[in-house]
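Each chain, letter by letter, is given below.
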Amino acid sequence: MKLKYSFPMLALFVASLASANSEVFEQLDSNQDAFVSQEEAAQLPILTEVWAELDTDQDGLLSQTEFMNLEISGMPEDSENSEVAE
């Protein structure tokens, strides 16, 4: 089964994920220092499971850029069965 995405639909999907992820990041960042600590991340158990993958600079904090990688990993990875229609 091949899934076809139009570019505008795909862009809207990615934008909505980014917006939702941004809101989650802001809620997790309880001290508003623009980073999510491991203590703050404990509110969302999935973060503790993937912490080492997300904390790419190994500083013990997630920046918003690092946190956004969580949404990208939720995107379909099977490029063989999906294609972008222009």
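Residues numbered from 1 in each chain as written. Predicted model: local features only at pLDDT ≥ 70, side-chain atom pairs only at ≥ 80, totals over all residues. Heavy atoms only, no water.

Undergrad: How do you make sense of the overall build of the chain when you look at a structure like this?
TA: Helix and strand counts for the chain come out as 4 helices and 4 strands. Beginning at the N terminus, the succession of helices and strands in the chain can be written as β-α-β-α-α-β-α-β. The buried share of the chain, reckoned over its 86 residues, is 23%. Of all intrachain contacts in the chain linking residues separated by at least 6 positions in sequence, the fraction that spans at least 24 positions is 51%. Carbon and sulfur atoms make up 57% of the accessible area of the chain, which totals about 6000 Å². (Helix = DSSP H or I, 4+ residues; strand = E, 2+ residues; numbered from the N terminus. Buried < 20%, exposed > 50% of the residue type's maximum accessible area, 1.4 Å probe, protein only. Contact = heavy atoms within 4.5 Å. Areas by Shrake-Rupley, 256 points an atom, 1.4 Å probe, with all protein chains shown as cover.)

Undergrad: When you look at unusual backbone geometry in this model, what are you seeing that I'm missing?
TA: For Gln-32, which is not glycine, the phi torsion reads 55° and is therefore positive. With respect to the element layout, Gln-32 can be found in the loop between helix H1 (7-28) and strand E2 (36-37). Looking at Gln-32, the relative accessible area reads 58%, which means it is exposed. Residue Gln-58 is not a glycine yet carries a positive backbone phi of 55°.

Undergrad: It is not clear to me how the nonpolar core should be interpreted in this structure. Could you clarify?
TA: Generally speaking, nonpolar side chains in soluble globular proteins are found buried as a group. If you look at the biggest cluster of nonpolar residues, it comprises 10 residues: Phe-25, Leu-28, Val-36, Ala-41, Leu-47, Trp-51, Leu-54, Leu-62, Phe-67 and Leu-70. It is helix H3 (residues 45-54) that provides the largest number of residues to this core, a total of 3 residues. If sequence neighbours within four positions are ignored, Leu-70 has contacts with Leu-47, Val-50 and Leu-54. (Core = buried A, V, L, I, M, F, W, Y, C linked by side-chain atoms within 4.5 Å.)

Undergrad: Where do I start with the environment of Gln-43 in this structure?
TA: Along the chain, the position of Gln-43 falls in the loop between helix H2 (38-41) and H3. Note on Gln-43: relative accessible area 51%, which makes it exposed. A polar atom in the side chain of Gln-43 sits 3.1 Å from the backbone oxygen of Glu-40. (Polar contact = N/O pair within 3.5 Å; in protein donor to acceptor, adjacent residues only side chain to side chain.)

Undergrad: For this particular structure, what's the right way to read the side chain of Asp-29?
TA: Topologically, Asp-29 is positioned in the loop between H1 and E2. Take Asp-29: its relative accessible area is 4%, and that puts it in the buried class. If sequence neighbours within four positions are ignored, Asp-29 has contacts with Ala-34, Phe-35, Val-36 and Glu-40.

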